[in-house]
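In case you want the letters, here they are:
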Amino acid sequence: MSNEELARLGTELDDVTIAYRKERFPIPNDPAEKRTVRGITIWLIISIISGLAFLGTYLFWPWEYRSHGDEGLMWYTLFTPALGLFAGLAILALGFAVVLYVKKLLPEEIAVQRRHDGGSEEIDRHTLVALLNDSWQTSTLGRRKVLQGLLGASGLLAGLAIVAPLGGMIKNPWKAGELGIQGDGTLWTSGWTLANNDVKLYLARDTGAIAQPHTSEAGTHMSTTGITRLVRVRPEDLSAGGMETVYPLPQSYVNDGDLFDETRDVYEDHMHSIHGPRNGVMLIRLRPDDAERAIEREGQEDFHYGDYYAYSKICTHIGCPTSLYEAQTNRILCPCHQSQFDALQYGKPVFGPAARALPQLPITVDEEGYLIAEGNFIESLGPAFWERKS
Ligand code: FES
């Protein structure tokens, strides 16, 4: 049987009734058909150009972070919108081209089919293939080589616009960059690692202060000058049974107390510390009776300062912030999967899926009475991974 006969047979066997069918352009080379093809071609070309623009932007645009006042800030801030614009345009134009093709070039048809139960029979499967072949032939796409090429290219580029950004997520986890307030890019460092380089790090709490309107000759604009986001903490700032989340604050970025200078802008630097993925630390002040019962881990006996204990806030299960502290039981709770850690026993897990103790930060107080890190953590932070020794 020819393909056409098989297709017809398949239609009948499937209980499909063709109620209406009409070719869009029964006469070859109809001028209206040419106009339609031109319209589809234009959309496909727009899609291809947008796809190429997306790839060019993704590969060559100056995307590195720029802070306020840095040269190139405008180009940096336009990076993400440009990616969105070109990716959206590539996919949208491809969509328009396909819709236009289906609505203007495919034969107009109304078919009605009766439903039947169970799986399809052998003959149905064969005739289905024939029907698909028939659809391909009647779509006339086989003879429209230019449209075929454009459709393939724009489909490929639109697909790349979706897949290519995933490449940015692939990183070498062992490649260390420059050590800064967020670590050096490897999983076992954080802002506290700067203590290894003799940087004095204060335990600082987040005030939540945000940029303020500032009026000058140039008009009113938002300014972070003089705004202090992180301030140093003294032991007396915490009452017994209290907990405070603190972040590393290098001495050079201190802008509070005697060192406050309203013309300094350290806001960005403070925000980098707050956003450091492994920087958060829970500073806990135990009640005196509880502190007497505290059990120190071997090698960490002098990590606490009196009743003050500092544990990494990053859960050792899969890295959520262990934000809850229950003073009655001295337990630290991770809200993600309910792991509980005992603050009286060096942050040891006592319930839930976490299997390792929360790393403890060695702390003390400097000559001015501010809490500081006495060194870095002695183990890596967060979830277990293969480099971890503890
Ligand atoms: S991440 Fe904390 S319990 Fe799962």
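Note that this is a predicted model, so its numbers are computed, not measured.

Here, UniProt's "transmembrane region" (unreviewed entry) annotation points to residues 40-61, 73-102 and 150-170. End-to-end, the C-alpha atoms of residues 73-102 are 45 Å apart, and along that stretch the chain is 100% helix and 0% strand. Taken end to end, residues 150-170 is 67% helix and 0% strand, and its two terminal C-alpha atoms sit 31 Å from one another.

Moving on, we come to the sheet that holds strand β13 (residues 348-351). Taking strand neighbours across the sheet as the criterion, the four strands line up as β10-β11-β12-β13 in an open arrangement whose pairing is antiparallel. The open sheet has two free edges, formed respectively by β10 (324-326) and β13, since each of these has just one partner strand. For this sheet the average axis-to-axis angle between neighbouring strands, irrespective of direction, equals 35°. Where strand β12 (residues 340-342) meets β13, three bridges bridge the pair, whose relative direction is antiparallel. When the bridges of β13 are listed, phenylalanine 341 appears paired with proline 349.

Where helix α2 (residues 31-60) meets helix α5 (residues 145-163), the axes come as close as 8 Å, and the angle between the chain directions of the two elements is 30°. The orientation of α2 relative to α5 falls into the category roughly parallel. As α2 packs across α5, the resulting crossing turns out to be left-handed. The segment α2 lies against α5, with Val37, Ile40, Thr41, Leu44, Ile45, Ser47, Ile48, Gly51, Leu52, Phe54 and Leu55 engaging Val146, Leu147, Leu150, Leu151, Ala153, Ser154, Leu157, Ala158, Leu160 and Ala161.

Calculation rules
Residues numbered from 1 in each chain as written. Predicted model: local features only at pLDDT ≥ 70, side-chain atom pairs only at ≥ 80, totals over all residues. UniProt positions renumbered as here; feature names shortened; annotations may be inferred. Helix = DSSP H or I, 4+ residues; strand = E, 2+ residues; numbered from the N terminus. Pairing = 2+ DSSP bridges. Axes fitted to C-alpha atoms, helices over the stretch in contact; angles between N-to-C directions. Parallel < 35°, antiparallel > 145°, perpendicular 65-115°, else oblique. Left-handed = near helix turned anticlockwise from the far one by under 90°. Contact = placed C-beta atoms within 7 Å.

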